[in-house]
Amino acid sequence: PQGEKVLLEALEGYYHSCGYDSLSKEDIIVTVGGSEALAMAMYAVSDDHDEILVPEPFFANYSIIAELQNVKLIPIPTDIKDGFRLPKKEKIESLFTKRTKAILYSSPGNPTGTTYNKKEIEMLLDLCSAHGSYLISDEVYREFIFSDEDHVSLASYMDKYPKNIIMLDSFSKRYNLCGARLGMFVTKDKEVLDIVLRIANSR
C-alpha cells in the first residue's frame, strides 16, 4: 500500500536530483493520482467542520474533496491587480480560528500560474508553526514556470518543520500521464504517515 519498492526508490532519486537530499523513500506514499493524495491529507489533519485556508482562486477539485469530507475551505483573497500574490501576514492570520487545521496552496498556482517566492512560503510556514497547523503544498506544476522565478518547494523545509509540512505531487502534468493515476504524499511527520498508510491499506 505504500507503493512498489522500485517506484519509491525512483521517486527518492527524482527528489534528490531536485536538490531535496533529505527526502527518503520512507517519507513517501504513492497514491491514486494527486487527488487521492489531497484527500488523504485532508483526512489526516482535519475532522468534521474543521477549516483549511486556501488562496483564492484555486483548483476546483479542492472544493469537491473538502465537501465530501465535511471540511470548510476558508478563502485567502488574492487579486489579479498584483499578480495574485499572497496578502500580508496579518491578513492571513486574521482568518485563523480554533478550527483551522491547515493552509493549502499550489505553486505554481492552478489556475493563476502565480509562483510563490521564498519570503511568501516562509511567511506561511511561520504562521502554521505558530498556530500548530499544517502547510500543505500542491506541487504538481513544479516544472511549469514560464518566467525567471525559481520554484520554492516545501521539501526544502521538511527538516526544519517536520511536524508542519505535507507535500503533494503527481505524475499527471510532469510526464503527461494523467491516466496513469500516480501521485505522491510526502511528509516527515511519522504520525501523519501512519494515518495515511492505514488509509492506503484499507483502499
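As the structure is a computational prediction, the values presented were derived from the model and not from experiment. (Residues numbered from 1 in each chain as written. Predicted model: local features only at pLDDT ≥ 70, side-chain atom pairs only at ≥ 80, totals over all residues. Heavy atoms only, no water.)

(A) Spotlight on the sheet that holds strand S7 (residues 183-186). What the 7 strands build is an open sheet, ordered S1-S7-S6-S5-S4-S2-S3; its pairing is mixed. The open sheet has two edge strands, strand S1 (28-31) and strand S3 (72-77), and neither has a second partner. Adjacent strand axes in the sheet meet at a mean angle of 25°, parallel and antiparallel pairs treated alike. Its contacts with the sheet place helix H1 (residues 5-17) against S1, strand S6 (165-170) and S7, and it is angled at close to 115° to S1. Lying on the sheet, helix H2 (residues 33-45) is in contact with S1, strand S2 (51-56), S3, strand S4 (100-106), strand S5 (134-138), S6 and S7; it crosses S6 at an angle near 160°. (Pairing = 2+ DSSP bridges. Helix = DSSP H or I, 4+ residues; strand = E, 2+ residues; numbered from the N terminus. Axes fitted to C-alpha atoms, helices over the stretch in contact; angles between N-to-C directions. Contact = heavy atoms within 4.5 Å.)

(B) Spotlight on the side chain of Asp189. As for its placement among the helices and strands, Asp189 is situated in the loop between S7 and helix H6 (190-202). Judged by its relative accessible area of 2%, Asp189 falls in the buried class. In this structure the side chain of Asp189 is engaged in a polar contact, spanning 3.0 Å, whose partner is the side chain of Tyr134. In contact with Asp189, not counting residues within four places along its chain, are Tyr134, Pro162 and Lys163. (Buried < 20%, exposed > 50% of the residue type's maximum accessible area, 1.4 Å probe, protein only. Polar contact = N/O pair within 3.5 Å; in protein donor to acceptor, adjacent residues only side chain to side chain.)

(C) Spatial organisation of the layout of surface pockets. The volume enclosed by the largest pocket comes to roughly 240 Å³. For the largest pocket, the lining is made up of 16 residues, of which Gly34, Ser35, Phe59, Asp138 and Val140 are closest to its centre. If you list the elements that add at least two residues to the lining of the largest pocket, you get H2, helix H3 (60-68) and S6. Counting residues per element, the lining of the largest pocket draws most heavily on H2, at 3 residues. Grouping the constituent residues of the lining of the largest pocket by class yields 7 nonpolar, 6 polar and 3 charged. (1 Å grid on protein atoms, 1.4 Å probe; cavity = no way out; pocket = protein on both sides within 12 Å on 5 of 7 lines; lining within 4 Å. Points joined across faces, edges and corners; volume = space filled by probe spheres on them. Nonpolar A, V, L, I, M, F, W, Y, C, P; charged D, E, K, R; others polar.)

(D) The arrangement of empty space enclosed by the protein in detail. In total, this model carries 1 cavity of 30 Å³ or more according to the counting rule given. What lines the largest cavity is a set of 15 residues, among which Pro55, Pro57, Ser106, Gly109 and Tyr116 lie closest to the centre. Mapped by element, the contributors of at least two residues to the lining of the largest cavity are S2 and S4. The residue makeup of the lining of the largest cavity, split by class, is 9 nonpolar, 6 polar and no charged.

(E) Examining the pairing of S1 more closely. Burial along S1 is two-sided: Ile28 and Val30 and Ile29 and Thr31, pointing in opposite directions, are all buried. Taken together, the 4 bridges between S1 and S7 define a ladder with antiparallel strand orientation. Paired with Ile28 across the bridge in S7 is Val186.

(F) Fine view of unusual backbone geometry. Cis peptide bonds are those with omega within 30 degrees of zero, and the linkage from Glu56 to Pro57 qualifies with 10°. Here the amide bond leading from Asn110 into Pro111 is cis, since omega sits at 20°, within 30 degrees of zero. In this structure, Pro111 sits in the loop between S4 and helix H5 (118-131). The residue Asn70 is not glycine, and still its phi comes out positive at about 60°. Examined against the element boundaries, Asn70 turns out to sit in the loop between H3 and S3. Unusually for a residue other than glycine, Phe84 sits at a positive phi of about 60°. Tracing the sequence through the fold places Phe84 in the loop between S3 and helix H4 (89-93).

(G) Summary view of H5. Between its first and last C-alpha, H5 extends 20 Å over 14 residues, near the 20 Å set by a 1.5 Å rise per residue. Those residues of H5 not exposed but buried are Glu120, Ile121, Met123, Leu124, Leu125, Leu127 and Cys128. Along its buried surface, H5 packs onto H4, S4, S5 and S6. Here H5 starts with a cap whose side-chain oxygen sits 3.2 Å from the backbone nitrogen of Lys119, and that cap is Asn117. (Expected span 1.5 Å × (residues − 1).)

(H) Representation of H3. When H3 is considered as a whole, its buried residues turn out to be Tyr62, Ile65 and Ala66. Buried residues of H3, viewed axially, fall in a sector of 100°; they line one side. Residues of H3 that are exposed and point more than 90 degrees away from the buried face comprise Ala60, Glu67 and Leu68. Here the buried face of H3 lies against H2, S2, S3, S4 and S5. Where H3 ends, the next residue or the one after it, Asn70, has phi of about 60°, a positive value. (Arc of directions from axis to C-beta.)

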